[in-house]
Amino acid sequence: MTEAHDHKVWSAVDEYFSTQLLPADPILDAALRDSEKAGLPPVQVSPLQGRLLQLLAGVRGAQRILEIGTLGGYSTIFLARALPPEGRLITLELSPVNAAVARTNLARAGFAANVEVRVGQALHSLAALEQERAGPFDVVFIDADKPNNPAYLEASVRLARPGTLIIADNVVRSGAVTHAGSNNPSVVGIRRFCEIVGHHPRLSATALQTVGIKGHDGFLLAVVQG
Ligand code: DHB
Ligand code: MG
């Protein structure tokens with residue numbers, strides 16, 4: 001079997017479950033359309049992955065969510081949908097162009113008041129959040145530049161509480177996570193991130209491989225212990 005064949009099957013299965021399980025959603029459709037129109041790279045989570053984020057945040061009973069890497073706010077909408085009416089989400093984005101697209105998408109989804117998009121280097125924004133004592137967050141979703149994942153993880157734990165769920169996207173990278181000799185900065189960052197999580201005295205973690213319209217990738221899920 002070729003990889004192209006595999007991808008076709010994975011996509012068909014994604015299509016099947018999306019049709020069966022996800023309602024028509026003009027707000028999410030508009031978010032994708034406007035992200036594409038603005039030239040943002042189409043690397044947002046898939047619809048089924050977005051729903052997974054929403055369900056996990058809902059199961060966690062999240063009232064405060066932190067997202068590192070906003071892009072056009074597509075995953076942000078899913079996460080925000082898990083919040084109660086008074087809940088709050090802060091999402092960090094380097095690009096002012098992406099942030100503007102995200103703000104429009106979030107406003108259309110009804111989250112102008114609950115969601116704050118902070119523009120700038122996420123490491124700076126995270127330091128500011130610590131200074132402001134903005135935590136603890138109940139759920140953290142890490143989905144930004146992968147070389148900084150180790151630093152994002154450490155900051156996330158400092159902004160967490162016992163029970164906080166930390167989710168990281170793109171930890172499989174078509175299997176490249178296993179390439180010990182890689183000098184690809186994203187692979188190096190993800191591998192170091194996984195190593196830190198695995199040795200962290202306060203984290204209990206697993207990783208979930210995924211296939212679908214985004215190919216072969218996966219999530220790392222970690223819960224902060226008391
Ligand atoms: C890329 C980034 C992502 O967060 C993702 O899910 C897929 C691809 C990228 O930058 O290529
Ligand atoms: Mg991603």
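Calculation criteria
Residues numbered from 1 in each chain as written. Chains lettered and ligands numbered in written order. Predicted model: local features only at pLDDT ≥ 70, side-chain atom pairs only at ≥ 80, totals over all residues. Heavy atoms only, no water. Near = heavy atom within 4 Å. Polar contact = N/O pair within 3.5 Å; in protein donor to acceptor, adjacent residues only side chain to side chain. Areas by Shrake-Rupley, 256 points an atom, 1.4 Å probe, with all protein chains shown as cover. Salt bridge = Lys/Arg side-chain N within 4 Å of Asp/Glu carboxyl O. Helix = DSSP H or I, 4+ residues; strand = E, 2+ residues; numbered from the N terminus. Buried < 20%, exposed > 50% of the residue type's maximum accessible area, 1.4 Å probe, protein only. Arc of directions from axis to C-beta. Contact = heavy atoms within 4.5 Å. Pairing = 2+ DSSP bridges. Axes fitted to C-alpha atoms, helices over the stretch in contact; angles between N-to-C directions. Phe/Tyr/Trp six-rings, centres within 6.5 Å; stacked < 30°, edge-to-face > 60°. Lys NZ or Arg CZ within 6 Å of the ring centre and 35° of its normal. Patch = residues over 30% accessible without salt bridge, like charges linked within 9 Å, V, L, I, M, F, W, Y side chains within 5 Å. Right-handed = clockwise from strand over helix to strand, strands pointing away.

Draft legend 1. Quick look at the site of ligand 1. Lining the immediate surroundings of ligand 1 are Val43, Asp143, Lys146, Asp169, Asn170 and Lys214. One of the backbone nitrogen or oxygen atoms of valine 43 is found 3.3 Å away from an oxygen atom of ligand 1. Between ligand 1 and aspartate 169 there is a distance of 3.1 Å, counted from an oxygen atom to a side-chain nitrogen or oxygen. Within the complex, the protein chains bury 60% of what would otherwise be the 290 Å² of accessible surface of ligand 1.

Draft legend 2. The arrangement of the pattern of salt bridges in detail. Enumeration over the complete set of coordinates arrives at 12 salt bridges. As a salt-bridge pair, glutamate 132 and arginine 118 come within 2.9 Å of each other at their nearest N and O atoms. Linking glutamate 132 in the loop between helix H6 (122–131) and strand S4 (139–142) with arginine 118 in strand S3 (residues 115–119), this pair joins segments that are 14 residues apart in sequence. One continuous salt-bridge network, built from bridges that share partners, spans Arg33, Asp34, Lys37 and Arg108.

Draft legend 3. Broad picture of H6. Along H6, the positions that sit buried rather than exposed are Ala122, Ser125, Leu126 and Leu129. The arc enclosing the buried residues of H6, seen along the axis, measures out at 100°, which places them on a common side. Facing away from the buried side of H6 by over 90 degrees, the exposed positions are His124 and Gln131. In this structure, the buried side of H6 is in contact with strand S1 (64–68), strand S2 (88–93), S3 and helix H7 (149–158).

Draft legend 4. Spotlight on the sheet that holds strand S7 (residues 215–224). The sheet built from 7 strands is open, its strands ordered S3-S2-S1-S4-S5-S7-S6 with mixed pairing. Two strands lie at the open edges of the sheet, namely S3 and strand S6 (203–212), each paired on one side alone. Ignoring which end each strand starts from, the neighbouring axes of this sheet average 15° apart. Both S4 and strand S5 (residues 165–168) contribute to a ladder of 4 bridges, which runs parallel. Paired with valine 139 across the strands is leucine 165, a residue of S5. The strands touched by H6 within the sheet are S1, S2 and S3, with S2 carrying the most contacts at an inclination of about 145°.

Draft legend 5. Structural view of the packing of aromatic side chains. Counted under the stated rule, the structure contains 2 aromatic pairs. Both rings, one in tyrosine 74 and one in phenylalanine 78, keep their centres 5.3 Å apart while their planes meet at 80°; by these two values the pair is edge-to-face. With a gap of 4 residues between them, tyrosine 74 and phenylalanine 78 both fall in helix H4 (residues 74–80), about one helical turn apart. Over the face of the ring belonging to phenylalanine 137 we find arginine 64, whose NZ or CZ atom lies 5.1 Å from the ring centre.

Draft legend 6. Expanded view of a nonpolar patch on the surface. On the surface, a nonpolar cluster with roughly 460 Å² of combined accessible area is contributed by Val9, Val13, Tyr16, Phe17 and Leu21. Among the secondary structure elements, phenylalanine 17 is positioned in helix H1 (residues 3–21). Among the residues examined, phenylalanine 17 registers a relative accessible area of 37% and is labelled partly exposed.

Draft legend 7. View of the environment of asparagine 114. Note that asparagine 114 resides in the loop between helix H5 (96–108) and S3. Here the alpha-carbon distance between asparagine 114 and glutamine 209, two residues 95 residues apart in the chain, equals 31 Å. Look past the residues within four positions of asparagine 114 in its chain and what remains in contact with it is Pro84, Pro85, Gly87, Arg88 and Leu89.

Draft legend 8. Spotlight on the pairing of S4. Where burial is concerned, the two faces of S4 agree: the one with Val139 and Phe141 and the one with Val140 and Ile142 are both buried. Both S1 and S4 contribute to a ladder of 4 bridges, which runs parallel. Across the sheet, residue leucine 66 finds its bridge partner in S4, namely valine 140. For the segment spanning S4, H7 and S5, crossover handedness is right-handed.

By themselves, these are just geometric observations and shouldn't be taken as functional.
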